[in-house]
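In case you want the letters, here they are:
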6 protein chains.
Amino acid sequence: MVNPNSNPQVTRNLAEALQPVMFEAGPEIECVTLAEGPLGVQTQADLESVTIPLSRLVAADNSAHAFVIACYSDPGLHVCREATQRPVFGIAESGVLTALSRGDRFGVIAVAQGSIGRHLRYLRQMCLMDRFAGERPLNMSVAEAASGDDTLARMIKVGRQLKDEDGANAVVMGCAGMSRHRSALEDALGIPVIDPTQAAVSMAIGTVMFQ
Amino acid sequence: MVNPNSNPQVTRNLAEALQPVMFEAGPEIECVTLAEGPLGVQTQADLESVTIPLSRLVAADNSAHAFVIACYSDPGLHVCREATQRPVFGIAESGVLTALSRGDRFGVIAVAQGSIGRHLRYLRQMCLMDRFAGERPLNMSVAEAASGDDTLARMIKVGRQLKDEDGANAVVMGCAGMSRHRSALEDALGIPVIDPTQAAVSMAIGTVMFQ
Amino acid sequence: MVNPNSNPQVTRNLAEALQPVMFEAGPEIECVTLAEGPLGVQTQADLESVTIPLSRLVAADNSAHAFVIACYSDPGLHVCREATQRPVFGIAESGVLTALSRGDRFGVIAVAQGSIGRHLRYLRQMCLMDRFAGERPLNMSVAEAASGDDTLARMIKVGRQLKDEDGANAVVMGCAGMSRHRSALEDALGIPVIDPTQAAVSMAIGTVMFQ
Amino acid sequence: MVNPNSNPQVTRNLAEALQPVMFEAGPEIECVTLAEGPLGVQTQADLESVTIPLSRLVAADNSAHAFVIACYSDPGLHVCREATQRPVFGIAESGVLTALSRGDRFGVIAVAQGSIGRHLRYLRQMCLMDRFAGERPLNMSVAEAASGDDTLARMIKVGRQLKDEDGANAVVMGCAGMSRHRSALEDALGIPVIDPTQAAVSMAIGTVMFQ
Amino acid sequence: MVNPNSNPQVTRNLAEALQPVMFEAGPEIECVTLAEGPLGVQTQADLESVTIPLSRLVAADNSAHAFVIACYSDPGLHVCREATQRPVFGIAESGVLTALSRGDRFGVIAVAQGSIGRHLRYLRQMCLMDRFAGERPLNMSVAEAASGDDTLARMIKVGRQLKDEDGANAVVMGCAGMSRHRSALEDALGIPVIDPTQAAVSMAIGTVMFQ
Amino acid sequence: MVNPNSNPQVTRNLAEALQPVMFEAGPEIECVTLAEGPLGVQTQADLESVTIPLSRLVAADNSAHAFVIACYSDPGLHVCREATQRPVFGIAESGVLTALSRGDRFGVIAVAQGSIGRHLRYLRQMCLMDRFAGERPLNMSVAEAASGDDTLARMIKVGRQLKDEDGANAVVMGCAGMSRHRSALEDALGIPVIDPTQAAVSMAIGTVMFQ
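Residues numbered from 1 in each chain as written. Chains lettered and ligands numbered in written order. Predicted model: local features only at pLDDT ≥ 70, side-chain atom pairs only at ≥ 80, totals over all residues. Heavy atoms only, no water.

For chain A, the name recorded in an unreviewed UniProt entry is Asp/Glu racemase, with Tardiphaga robiniae as its organism. Per UniProt, chain A carries the Sequence similarities (unreviewed entry) text "Belongs to the HyuE racemase family." (UniProt positions renumbered as here; feature names shortened; annotations may be inferred.)

Set out below in structure tokens:
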């Protein structure tokens, strides 16, 4: 799993969130930081800046049996797939596909309003808009969302709007670093909540183990 | 995992195919046979005959944290979801969604021509036709497909048509009992091949372990 | 015409609503009750419970030239079509298709909120969502809707929301037993109102008479 | 029922084809010829030339409870609907919608190649392409198709291509004057064949009688 | 450029609005009035009344290298294309396509509520609804919109609703005679505003000059 | 107009192809070479490598009123739009949209098979697949296509397949450097042929001149 931003604390959090599937005798899951990444990935320019470094990292790695790109815009997904024959998973793609296995229509909780247009373009590219209920922002900075005490409270509020006003019956957390809120959010909303990182890792484990 | 037909040999094969993810300290995966099921599930009537028994089985079970229905028409999926709060996965749904994480357009290998219309209706219900390349039959009976020596050869032939003529860049094996051919078929075709049973189990493991 | 619930009063009401097309020299229309049906069909489990009995009834009947399944979820439609070469009409399908001949976008009045998700899945399967304006519930029980004095008043209220807020220019009454309100509702809304039972019977008469 | 071309023989044929639903005590069905119509309606210009005359005829008529425009391009359908509050049916629209009640995917037999582009635009406008299998021409003139001895033979040939190569499981005869071949064509193809004139009249009868 | 209504003042305004692209050595742009046109084009009947006259005008003209039909319902577009081999542009089609090059989702400002249904049918025919954010009316008569002092103010109000409530990030002015407000409206909204007449003329110039 | 590859000969060719719209008193069109670009843009990696350099070029330029990215994969289109308030046109987007104004269904001539998957993803993102007839490759290298004597002959052959087998009634040349063949190809095929560079420049001129 590659964290495309250069913040090692984020990478450590990702690793911690994956503990439940670090099975004895299961596949080894290594979380690495992209040295060339920006401190956070928020703008289209941030995304574009990591695509080539990600594809180089993937091409240079000789040990992984599969890769996960841990940013909810799936930066560089297609160039990485061009760079290797091994499977490459993007967490946005995996998260949304997994949501489709849990509810008829999915909603997405974005961190910032500015990302929604980009996410919608991507959903259109994946041809998944017919099952899309809506996407709403927390209107927090990534830093606030990561550390803030009321992140969960805001997620619950936005999730309820997705459920009650937009008709979502499954919700995707549209950010890589929210895993620790998944369970509480699901309990509060009463509908499945998908953490995209966990979704991608689950798919990757299956792909690797059944080879 | 519930095998909706009443053939215990099929159930044993399913269990065997899941060995790679029966991790030490991982979730226990139990494969059960639906006593009320027909010997094979092929017609619409076969499917309809198992929906209520499946929902009863799901409602009566107090131990499983998630269910997988192991038939590539996802019989009773929605009535089972009505019968429990726990996640229920259908292998057709999981297989196709997983294929979308591996290629732009997916093809499906059906056992019999007669199932294709039903599968297409289901793909339309899931709103996934925009990524669909085609579905082609082996034109074998389920029994032949299960035991026949040339099953793999036929799958390779049909898979190549899906790839070369229909433009598929990922292929789903449209039957519950073909897991053992997945790897060889993938090698022969040079594009990802998805076993739907393994796909559903991977999603189920993730859902259960990250709870 | 088969009433999939076992309430003979509902069957009698259906027969009465069809009087206007019981032409001298026209086709005979027989309304029968499905003995095995539940008292009302509301949940997914109710629906699944009647599919096999319906297909048996259809297969065993030697006199009808066409069949109509009189429940607005079209239970067992495809298994009945598998069971006979004669035409089988579902009232939901016929009702929505007929609405498309009367307005650009159709709305649906459901009896209960709980049916809407199921109806949407079915509209998606029929690929008719692009002409769908919305579906709104009366929030009454089927019993209340059948007998209650203010059923029409609620239908008018909900129909106006479909027209004014959702942009529907034709409305389908999403239940088998509302025929007697069709005309008054149409007058009140000022846009075409489709009774699905009447729509299906009209299609069935044409199919039979032009054979 | 209005025949938009000025050939009274065509109008007489239409009337004859409707005999089976001219029930004692049923609605009166009057077939009229549009005096201003061209001898045949084939080009876009032919179509445009009848729209205003059709709307005048509809507006001037005080006796009909519903109208059917009997040309498989539905000329003037929307301007006629603007000209009256009474229902106006187009045979193309009714024919295709009725086909959707008989099969998952429909094919269309056109008389001439030159009409297919126009028909496709109309199918797109109706948002029904997701259920469309294909349209193929007889490559005959309307006159040949009307009188020629091998019209049925050609329709069978084209119908088989729609079924076997395009995957249609219902076929619409894409012309107003082919009713007499419907039954034989259906027998030959083994799948439902829809005559659009009969389909529209069936819908119109239901609409009028249930008022 | 043909003004399909018979108001020569409208034609003079169109010509004036095109001054910026009447380049020295560029193509000559001639604006003509359709003599047979109604004073304004608002109803479906108005539209239908000009289709044949437009096609005659196009067929009879020997000098133009391309045609633009200057009415935001593209009356007669297809019959004109049948009448000539030279390119024919409709301003609605050109306007919407140009909007798609400026924003992910477009909104439309209609003059009157009564036109919106017709515009939506046309957008469906063009298969462009997946990028459509919404259409809202000024609720003014064409005469008011043309002359009224508060036309711009109302356009800004409606444009803001399209942007803020419907999610449009580009707006099309859904009328031929609003060019002079384009720039001010764009400044007020902060997103691209497309004048459909200018869009069509730009496409026409390119087509003619690059021949 | 920015040529994203670093080959100045390509840039000179682009400039030459735009002579017909370099009007006296019209907008100045400057063609520049992206210094950081690869010699040709063919792979996904080539594309990704120019996105950030393109956005820097756009952000640093103070004189242009609009930008055109002259590569038929529209590399960096969205990051460039983030980098400036001025309009940025991609030639693929402009070419396809312009084709939609000339025919019901468009085909694309690609240089190489390897680009088609990427182009399809982009068409899906733009939601334009419903009007897409097909894309077929010349199976030449870009160098061959640029200089080879039989480029036109191959384009005619592929264009005829798009027209006759895939049903295209307009064709887009899927490469920046084929302008000089447009007219001859159009004559040979008998349907409109769109050069995407010219299409984008036409839209850009309109946008700039009408400001």
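**Q** Pulling in residues and values, what's your account of the relation of the copies chain A and chain B?
**A** Its rotation angle being 180 degrees, the transformation that places chain A on chain B also includes 0.0 Å of axial translation and leaves an RMSD of 0.0 Å. Accordingly, the operation relating the two chain copies is best matched by a two-fold axis. With an isologous cut-off of 70% or more, the 100% of interface residues of chain A that recur at the interface of chain B puts this contact in the isologous class. (Least-squares fit on C-alpha atoms with pLDDT ≥ 70 in both. Contact = heavy atoms within 4.5 Å.)

**Q** Report on unusual backbone geometry, specifying residues and quantitative values.
**A** With a phi angle near 70 degrees, A:Ala25 is a residue other than glycine that sits in the positive phi range. In this fold, A:Ala25 is placed in the loop between α1 (8–17) and β2 (32–33). (Helix = DSSP H or I, 4+ residues; strand = E, 2+ residues; numbered from the N terminus.)

**Q** Can you tell me about the packing of helix α4 (residues 91–100) of chain A against helix α9 (residues 196–209) of chain A, naming the residues and giving the values?
**A** Residues and elements named next belong to chain A. Where α4 contacts α9, the axes come no closer than 7 Å and their chain directions differ by 90 degrees. Between α4 and α9, the angle falls in the class roughly perpendicular. Here Ile-91, Ser-94, Gly-95, Leu-97 and Thr-98 of α4 come into contact with α9, specifically with Pro-196, Thr-197, Ala-199, Ala-200 and Met-203. Tallied by class, the residues present in the contact of α4 with α9 amount to six nonpolar, four polar and no charged. (Axes fitted to C-alpha atoms, helices over the stretch in contact; angles between N-to-C directions. Parallel < 35°, antiparallel > 145°, perpendicular 65-115°, else oblique. Nonpolar A, V, L, I, M, F, W, Y, C, P; charged D, E, K, R; others polar.)

**Q** Please give an account of the environment of A:Leu77 that cites residues and values.
**A** All names here are of chain A. Mapped onto the elements of the fold, Leu-77 is located in helix α3 (residues 77–83). Relative accessible area serves as the criterion here: at 2%, Leu-77 is assigned to the buried category. Residues contacting Leu-77, with those up to four places away along its chain left out, are Ile-69, Val-88, Phe-89, Gly-90, Glu-93 and Tyr-122. (Buried < 20%, exposed > 50% of the residue type's maximum accessible area, 1.4 Å probe, protein only.)

**Q** Just give me the short version of the interface of chain D and chain C, but keep the residues and values in it.
**A** At the interface, 34 residues of chain D touch 34 residues of chain C. If you sort the residues of chain D by the area they bury against chain C, D:Phe23, D:Ser101 and D:Phe210 come out on top, with a joint share of 23%. For the pair chain D and chain C, the number of links is zero salt bridges. Taken together, the connections running from chain D to chain C amount to four residue pairs in polar contact (both at pLDDT 80 or more). Elements supplying a minimum of two residues to the side of chain D that touches chain C: β4 (88–90), α4 (91–100) and α9 (196–209) of chain D. If one sorts the elements of the side of chain D that touches chain C by residue count, α9(D) sits on top with seven residues. Of the residues in the side of chain D that touches chain C, the class split is 19 nonpolar, eight polar and seven charged. (Buried area = accessible area lost by both parts, 1.4 Å probe. Salt bridge = Lys/Arg side-chain N within 4 Å of Asp/Glu carboxyl O. Polar contact = N/O pair within 3.5 Å; in protein donor to acceptor, adjacent residues only side chain to side chain.)

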